[in-house]
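# Examining the three-dimensional arrangement
Below, each chain spelled out in residue letters.
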Amino acid sequence: MVWINGKAVEAEGKSLGEVVEAVCRQRGISPEAVAVMLNDEVWVKGRWPDRPLVAGDVVEVVAMMQGG
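Predicted model only: the values in this text are computed from it and were never measured.

Rules of the game
Residues numbered from 1 in each chain as written. Predicted model: local features only at pLDDT ≥ 70, side-chain atom pairs only at ≥ 80, totals over all residues. Heavy atoms only, no water. Helix = DSSP H or I, 4+ residues; strand = E, 2+ residues; numbered from the N terminus. Rg over C-alpha atoms; globule rule 2.2 N^0.38 Å. Buried < 20%, exposed > 50% of the residue type's maximum accessible area, 1.4 Å probe, protein only. Core = buried A, V, L, I, M, F, W, Y, C linked by side-chain atoms within 4.5 Å. Contact = heavy atoms within 4.5 Å. Pairing = 2+ DSSP bridges. Axes fitted to C-alpha atoms, helices over the stretch in contact; angles between N-to-C directions.

## With respect to the overall build of the chain
For the chain, the count of helices and strands is one helix and five strands. Listing each helix as α and each strand as β along the chain from the N terminus yields β-β-α-β-β-β. Expected size for 68 residues packed as a compact globule is a radius of gyration near 11 Å; at 11 Å, the chain falls within 12% of this value. The C-alpha extent of the chain, read off along each of the three principal axes, is 35 × 25 × 20 Å. Expressed as a percentage of its 68 residues, the buried residues of the chain come to 29%.

Next up, the structure:
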């Protein structure tokens, strides 16, 4: 199991990029407008495809919003 935004998901073997794009599609947001953390480390978009997820990984996808 991989933890994505606090929920356990069967995503082992998928790339971080695939998971981030799926989360963005579900939420109706652009992958350009998110910040991604993997196991408490910020990951830049260019590195997402290179990282396969393994059991126990924790992914946080955070949408950036305007406002004050």
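## Things to note about unusual backbone geometry
If you check the backbone angles, Asn39 has positive phi at about 50° while not being a glycine. Note that Asn39 resides in the loop between strand E3 (34-38) and strand E4 (41-43).

## A word on the nonpolar core
In this structure, Ile4, Leu16, Val20, Val34, Trp48, Leu53 and Val59 are the most contacted members of the largest nonpolar core, which totals 16 residues. Among the elements of the structure, strand E1 (2-4), helix H1 (16-27), E3 and strand E5 (58-63) are those that each provide at least two residues to this core. By residue number, the principal contributor to this core is H1, which donates five residues. With residues near it in sequence (within four places) discarded, Leu16 still touches Val36, Leu38, Trp43, Trp48, Arg51, Leu53 and Val59.

## Some remarks on the sheet that holds strand E2 (residues 7-9)
Read from one edge of the open sheet, five strands run E2-E1-E5-E3-E4, paired in mixed fashion. Of all the strands in the sheet, just E2 and E4 have a single pairing partner and so form its edges. Between one strand axis and the next, the sheet turns through 30° on average, direction left out of account. Inspection of the sheet shows E3 paired to E4 by three bridges, in the antiparallel sense. Note that in E4 the partner of Val36 across the bridge is Trp43. Seen against the sheet, H1 touches E1, E3, E4 and E5 and runs at an angle of roughly 135° to E3.

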